[in-house]
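Below are the chains, spelled out letter by letter.
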Amino acid sequence: MRMGCLRLLPGLSVLLSLALRPADKALGASASMACARWCPLHSTCVNATACRCLPGFSSSSGEIITNPLESCDDINECRLPVPVSCGKLANCQNTEGSYYCMCSPGYRLVSGATNFSNESENTCQDVDECTSGQNSCHNSTHCLNIQGSYECRCRRGWKPVPGSPNGPNNTVCEEIFPTWTPPPGIKSQSLSRFFEKVQDLGKDFRPTSAKDTIKNVITALDELLEVPGDLEALTLPAQHCVATYLLLFLKEVLRTLAMNIPEPSFTYLSRSDTELSLVIQEQGNGTITMGQSHARMQLNWAEAVGVGELGPTLAGLFSSHNMQKLLANASLKLDPETKAQLENRHEGPVGGGQPRLLSAVNTVFLSNKNTEKLGSPVNFSFSHLLVTPWPRQQVFCVFWEHGPNGSGHWATKGCRMVGTGNTSTICQCTHLSSFAVLMAQYDVQEEDAALAVITYVGLSLSLLCLFLAALTFLLCKAIQNTSTSLHLQLCICLFLAHLLFLTAFNRTEPRVLCAIIAGALHYLYLASFTWMLLEGLHLFLTARNLTVVNYSSVSRFMKKFMFPVGYAVPAVIVAISAVSRPHLYGTAARCWLSTTNGFLWSFLGPVCAIISVNLAFFLMTLWILKSKLCSLNTDVSTLQNTRMLTFKAMAQLFILGCTWCLGLLQRGPAAHAMAYLFTIINSLQGVFIFLVYCLLSQQVREQYRQWLKEIKKIRVDSDKYTLSSRATSESSKTSMVRSQLLPEPFT
C-alpha cells in the first residue's frame, strides 16, 4: 500500500500542478484590478492607483486623482467665469454636486413649480402682490405693484404718519383733508360756517365713510347756496370771487374723497337737484361716457391719467343749479374767433351783452391736474331751459375763467358749440374747468348817428354835384378834351356807386338781389378808383410834359388805354371774385362783401394799391411843378397856368382818393376823430370834383354865364309871349260876352 501510494505521488503532483496554474493566473489578475483604498470622498475607483471625481466635483489636478493627498471638491456652476444660464428674471442656485434655477423674488413660474433645470424651462413672470394679497401694506396705504415687487404708498390726499418709514411693509398714512378759509377780503358768516362744517367732516373722516362724507359736503354746499344770507349783500365782484373759491375748493375736496371709494363708479343726486358722477378705474383706455340729467361728458380716458400719479385714475363731473346765484350778471368775454364770426355776420363791431345762464354749472375734475390743454377734446351734452334766441341773441358754450384778482368771468376760448336745440346743446372743449351754457344778448354797435347823417348828407350833395359836373362835361364844348373825358367817366362811376349805396345798401332780402347789389357796388367803386388812377396818371404826364409843351402825346396815350383800363380791369377783378366765391357777396346785415376768409381784400387790395400809386403820382407832380415854378420868372401867363395847375394838383389829393388812407388811422384814441374826418372828406368827393373842374375853371364859368344869359332871354321872351297871349285871350272873352248879352239885329 505504501509503495502504491508512493507511485501515485508523481501523477498526483502533475495533476495538482495542472489544476493550480489557472488559479494562479486569476489571482494575479484580481490583484491588478483591485480599487485603491485611498480614493477620497465624492470619487470612484478607476484602478488600484487612480480615482475619478464624481460629476459636479473636481480636484486641483483635474478629474483623475493619483495622489492620495488630493480631494474632490464641489464645482460652483453658478459662479463666473462660465456660469450656467437660467434665463431672464431667474437666479442660479448651487447645490453639492449640482445646481438648479429659481425665479427671482417677485416672480414665479407659470406652472407654479419652485425651480427648473435650465433656461429652456424658464417661464418666470411678475407676481402681482397687490391683487394676490401677498403684501403687508397697512389699510391706510395703497399697494402699488412694480416689476418683481410692490410698494405701499399713501393714497392721494394722505401722507405718512410722522416717524413712519416710507417703506414697502411698514408705511402708515394719515389723511390730508384740504384746509380752506374764506377768500381774503370777503367777510361772510355764512361762508365761514360752511368751511367749518367741511373741516369738521374732515376731522371725522374715515376711508370707509367716503361716500357719506361726499354727500354731506354737497348737502352743506346746497344749504349755503339756497340760503346765501350775507353773501347776497356782497358786491358782484366779491360774489364772483366767492364762486371761484368754491369751485376750486369742491374740485380738491371731491378729488380727495373720491379716491377712497372702492367701487369703480359712483353717482349721487341731492335733494336740491345737485348731481355728482364719478368713475374710478385702476387701468383704462378708450373713451368713457359719464354724467346724469344735467350734463353728460365723453372723455378719452388717457386724458384722465395724471403724470406721475399713483393709484387708481379718477374722473368726476359735478353739476349744480344753485351755483347760478353767485354767477348771475357775470360778464362774458368772447374769444377773437367767435367775435370775428359775429362781426362778419353783422358787418360791424359786436359788444358782449348781458348773459343769461341756461344750464347748471358743471365742474370737471380728473386725476390729471394739468388740463389746460388736452391732447384730444372733450365732448359735453348740456341740458338747459327751453329757449328760442332772438336775432341778436346767441347760445354760447362757456367756461368760468379765473381772474388774477380771485374773481372771474365767462369766456368762450377753447370751447365751441357743435350743435344746439331747444333744450340741449352739444359743446366741445380743449381744456377742462367749470362749464355752462348761456345765452347772451350781444350788442351790435350801431354806427354813430352823427356819422350816419354826415354820410347821407355828404353823399347827397356829391350826387348833385356829380350830376351837374357830368352835364357840364357833356354840354360845354369849349372844355371837351382827354382830361374832360376822364372827369366825365369818374363822375358817372361815382354817381352810380353813391346812388346805389344810398338806395340799396341795406336791402338784404331777397338774398340773390342782395348779392347782385353787392357785386354791382364792388364793380362801380373799383371802377371809380381805377378812373382815379387814370386821373393821377394823366396829371403826372401833363406836369411832366410842361417843359416841352407836348400835350398831344399825352392825349393819344390816354385815349388809347383809358377805356380798356377804366372799365375792363374792374370787370376782371369782380368776375374772378364772383366765380371763385359767389356766396360771399352780400351778408345778413348789408349788401356788401363778406369779411370771411379775407374776401374783403378783393376790394381793399386794389384800392390800397391805387391809393399808393396815386400818392406817388401826387408827390412827383408836386416836385415837377416846384422845379417849373423856380424856372419861370417872366412868362406871367405860363406862371399863372402853372400856379393854377399846382392848386389843382393839391386838390387832387382829395379827388384821387388819397384821403381814403385816413381809414387806416382809425385806431387808438384818435379813432373817433379820424372816423369823422374820413367820412366828411370822402363823402364830399363829388363836391370837390365839381368845385375844382367846374367852378374854378374860367372857361366853364364863362359858359355858365352864357347859359344864364340864354336862360334869362328865354324867360323874357316867354314872359312877353305870355302877356301877348293873355291880352288876346281877354279880348276874345270880351267879344264873346258881348255877343251873348246883345241880341242880333233883325235882317
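Above this text you will find the structure in question.
Residues numbered from 1 in each chain as written. Predicted model: local features only at pLDDT ≥ 70, side-chain atom pairs only at ≥ 80, totals over all residues. Heavy atoms only, no water.

A. Molecular detail of helix 3 (residues 189-203). Its 15 residues give helix 3 an end-to-end C-alpha distance of 21 Å, which sits within 8% of 21 Å, the value for a rise of 1.5 Å per residue. Inspection of helix 3 places Ser 190, Leu 191, Phe 194, Phe 195, Val 198, Gln 199 and Gly 202 among the buried residues, and these make up the whole buried set. Residue Ser 188 occupies the N-cap position of helix 3, its side-chain oxygen lying 3.2 Å from the main-chain nitrogen of Leu 191. (Helix = DSSP H or I, 4+ residues; strand = E, 2+ residues; numbered from the N terminus. Expected span 1.5 Å × (residues − 1). Buried < 20%, exposed > 50% of the residue type's maximum accessible area, 1.4 Å probe, protein only. Polar contact = N/O pair within 3.5 Å; in protein donor to acceptor, adjacent residues only side chain to side chain.)

B. Expanded view of the packing of aromatic side chains. Taken as a whole and judged by the stated rule, the model has 15 aromatic pairs. On the numbers, 5.3 Å between centres and 65° between planes, the contact of Trp 531 with Tyr 567 is edge-to-face. In this pair, Trp 531 sits in helix 10 (residues 511-544) while Tyr 567 sits in helix 11 (residues 551-580), placing the two residues 36 residues apart along the sequence. Relative accessible area serves as the criterion here: at 26%, Tyr 567 is assigned to the partly exposed category. Ring centres of Phe 540 and Phe 617 lie 5.5 Å apart, and the angle between their planes is 15°; on these two criteria the pair is classed as stacked. Residue Phe 540 is found in helix 10, and its partner Phe 617 is found in helix 12 (residues 601-631); the two are separated by 77 residues along the sequence. Phe 540 gets classed as buried once you look at its relative accessible area, which sits at 14%. Through pairs of rings, three or more aromatic residues link up here, namely Phe 194, Phe 195 and Phe 249. (Phe/Tyr/Trp six-rings, centres within 6.5 Å; stacked < 30°, edge-to-face > 60°.)

C. Broad picture of the sheet that holds strand 25 (residues 415-420). Read across the open sheet, the five strands follow the order 16-17-22-26-25; overall the sheet is antiparallel. Each having just a single partner strand, strand 16 (287-291) and strand 25 make up the two edges of the open sheet. Averaged over all neighbouring strand pairs, the angle between strand axes comes to 20°, with direction disregarded. In terms of strand pairing, strand 22 (residues 378-383) meets strand 26 (residues 424-429) through six bridges, oriented antiparallel. (Pairing = 2+ DSSP bridges. Axes fitted to C-alpha atoms, helices over the stretch in contact; angles between N-to-C directions.)

D. View of the sheet that holds strand 1 (residues 43-47). Here three strands make up an open sheet; going across it, the order is 1-2-4 and the pairing antiparallel. Two strands close off the open sheet at either side, each with one partner strand: strand 1 and strand 4 (64-65). The pairing of strand 2 (residues 50-53) with strand 4 spans two bridges and is antiparallel. Each residue of the ladder has a partner; that of Cys 51, found in strand 4, is Ile 65.

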